[in-house]
Amino acid sequence: MASRRNRPLFSVLALLLFSCAPAHRFYLRYGNELSHSELEQILAKNPLAPDENIKVVTLGEGETVSHHLVQIRDREPPHIHKVHDLTVVVLRGRGYLMLDGKRLELAAGDALYVPRGVPHYFVNESREVAVALVVFSPPFDGKDTIPLKTLDR
């Protein structure tokens, strides 16, 4: 615990640490429309409920890609996407992604590419909800998440 004498210094350091965190802004253009949104506003409007494990918020969709914010409290089940490639950028949290049997440690700032048909799942190892920007190509319709146990192999 900080002594009374060190409390102002501690407060200034804490303020500096939290104010230096990057503000995640999204500028997305679909057709002639350019949209601007900020991570904090999107999460405030779309909170992960206490009984929810995963929430997907669609930011927008173009002819060839769609952009989504994915929040994960614990983990997602192992699955594939038969017709979608995806790129993931971790914005908050840390954990690991199992990608075709290989464990990849991930933290905020990391990015990875998952080709269609490759088994994968993410496990959140932080106390906070993990948040990622996920880009699907072609645009994701919500129907191409195929659990591994139902695959015909």
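One can find the structure itself at the top, above this paragraph.
Procedures and definitions
- Residues numbered from 1 in each chain as written.
- Predicted model: local features only at pLDDT ≥ 70, side-chain atom pairs only at ≥ 80, totals over all residues.
- Heavy atoms only, no water.
- Pairing = 2+ DSSP bridges.
- Helix = DSSP H or I, 4+ residues; strand = E, 2+ residues; numbered from the N terminus.
- Axes fitted to C-alpha atoms, helices over the stretch in contact; angles between N-to-C directions.
- Salt bridge = Lys/Arg side-chain N within 4 Å of Asp/Glu carboxyl O.
- Buried < 20%, exposed > 50% of the residue type's maximum accessible area, 1.4 Å probe, protein only.
- Contact = heavy atoms within 4.5 Å.
- Polar contact = N/O pair within 3.5 Å; in protein donor to acceptor, adjacent residues only side chain to side chain.
- Phe/Tyr/Trp six-rings, centres within 6.5 Å; stacked < 30°, edge-to-face > 60°.
- Lys NZ or Arg CZ within 6 Å of the ring centre and 35° of its normal.

> Can you explain the sheet that holds strand β11 (residues 130-137)? Please cite residues and give values.
Across the sheet, which stays open at both edges, the five strands sit in the order β3-β4-β11-β6-β9 with antiparallel pairing between neighbours. The open sheet has two edge strands with one neighbour each: β3 (54-61) and β9 (111-114). Within this sheet the neighbouring strands show an average axis-to-axis angle of 20 degrees, counted without direction. The pairing of β3 with strand β4 (residues 66-72) spans seven bridges and is antiparallel. Within β4, the residue paired with valine 57 across the bridge is leucine 69.

> Explain the pattern of salt bridges to me, using residue names and the numbers behind them.
Under the criterion given, the structure shown has six salt bridges. A salt bridge links aspartate 74 to arginine 75; the nearest nitrogen and oxygen atoms lie 3.3 Å apart. A relative accessible area of 36% places aspartate 74 in the partly exposed class. A salt bridge links arginine 116 to aspartate 85; the nearest nitrogen and oxygen atoms lie 3.0 Å apart. Within this pair, whereas arginine 116 is found in the loop between β9 and β10 (120-124), its partner aspartate 85 is found in strand β6 (residues 85-92), the two being separated by 31 residues in sequence. Judged by its relative accessible area of 17%, aspartate 85 is buried.

> Lay out the environment of histidine 67 with the relevant residues and their values.
Within the element layout of this structure, histidine 67 appears in strand β4. Look at histidine 67 and you get buried, because its relative accessible area is 14%. C-alpha of histidine 67 to C-alpha of phenylalanine 136: the two residues are 69 residues apart in sequence and 6.6 Å apart in space. Setting aside residues no more than four positions away along its own chain, histidine 67 makes contact with Leu28, Tyr30, Val57, Thr58, Leu59, Gly60, Val134 and Val135. Among the polar contacts made by the side chain of histidine 67, one reaches the side chain of tyrosine 30 at a distance of 2.6 Å.

> Which residues make up the packing of aromatic side chains, and what values go with them?
Applying the stated rule across the entire model yields one aromatic pair. Taken together, a centroid distance of 4.2 Å and an interplanar angle of 15 degrees make the contact between phenylalanine 136 and phenylalanine 140 stacked. Residue phenylalanine 140 is classed as buried on the basis of its relative accessible area, which comes to 16%. The ring of tyrosine 96 has arginine 103 sitting right over it, with the charged end atom 3.6 Å from the ring centre.

> With reference to specific residues and values, describe the pairing of β6.
The pairing of β6 with β11 spans seven bridges and is classified as antiparallel. Of the residues in β11, the one forming a bridge with threonine 87 is valine 135.

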